[in-house]
Amino acid sequence: MSKAEPTEPLATGNAGIRCDFCGEVVASVRRVALDRDYERLLTPHKERYACSACSEQKEADRRRLAR
């Protein structure tokens, strides 16, 4: 199970936010954190944010691998 967390655009005018996966500058990004055995406060990690297209592709890949 996962939870999408849309982010608000940064206060940088109309420049947008860069997707950490494809590098495109978009109006908003998502961060998905997997629930099972993941403790975001204790697990060292680098936060990565994805545009809608990359987020949807990552979900499709996860579903395909889970089969």
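Procedures and definitions
- Residues numbered from 1 in each chain as written.
- Predicted model: local features only at pLDDT ≥ 70, side-chain atom pairs only at ≥ 80, totals over all residues.
- Heavy atoms only, no water.
- Helix = DSSP H or I, 4+ residues; strand = E, 2+ residues; numbered from the N terminus.
- Buried < 20%, exposed > 50% of the residue type's maximum accessible area, 1.4 Å probe, protein only.
- Areas by Shrake-Rupley, 256 points an atom, 1.4 Å probe, with all protein chains shown as cover.
- Contact = heavy atoms within 4.5 Å.
- Salt bridge = Lys/Arg side-chain N within 4 Å of Asp/Glu carboxyl O.
- pLDDT = per-residue confidence, 0-100.

Undergrad: Mind showing me how you'd approach the overall build of the protein chain here?
TA: On a plain count of helices and strands, the protein chain comes out with one helix and four strands. Buried positions account for 15% of the 67 residues belonging to the protein chain. Accessible surface, the protein chain as shown: approximately 5500 Å² in total, 51% of it carbon and sulfur.

Undergrad: Hey, could you run me through the side chain of Ser-55 in this one?
TA: Summarising the element assignment, Ser-55 is placed in helix H1 (residues 52–66). Not counting residues within four places of it along the chain, the set of residues in contact with Ser-55 comprises Arg-30, Val-32 and Ala-50.

Undergrad: Teacher, can you tell me more about the pattern of salt bridges here?
TA: A side chain of one charge can pair with a side chain of the opposite charge if their charged atoms are brought near each other. Per the stated rule, a full pass over the model turns up two salt bridges. Between Arg-62 and Glu-59 there is a salt bridge, with the nearest N and O atoms lying 2.5 Å from each other. One end of the pair is Arg-62 and the other is Glu-59, both in helix H1 and three residues apart, which spans about a single turn. The closest approach of N and O atoms between Arg-64 and Asp-61, which form a salt bridge, is 2.9 Å. Pair noted here: Arg-64 and Asp-61 are both in helix H1, with a separation of three residues, about one helical turn. You can call Asp-61 partly exposed: its relative accessible area is 25%.

Undergrad: I tried to follow the confidence of the model for the protein chain on my own but got confused; where do I start?
TA: The predicted coordinates should not be examined in detail at positions where pLDDT is low. Of all residues in the protein chain, 70% have pLDDT values of 70 or greater, and the mean over the chain is 77. Within the model, pLDDT remains below 50 along residues 1–7, and this stretch shows 22 contacts once partners closer than five positions in the same chain are excluded.

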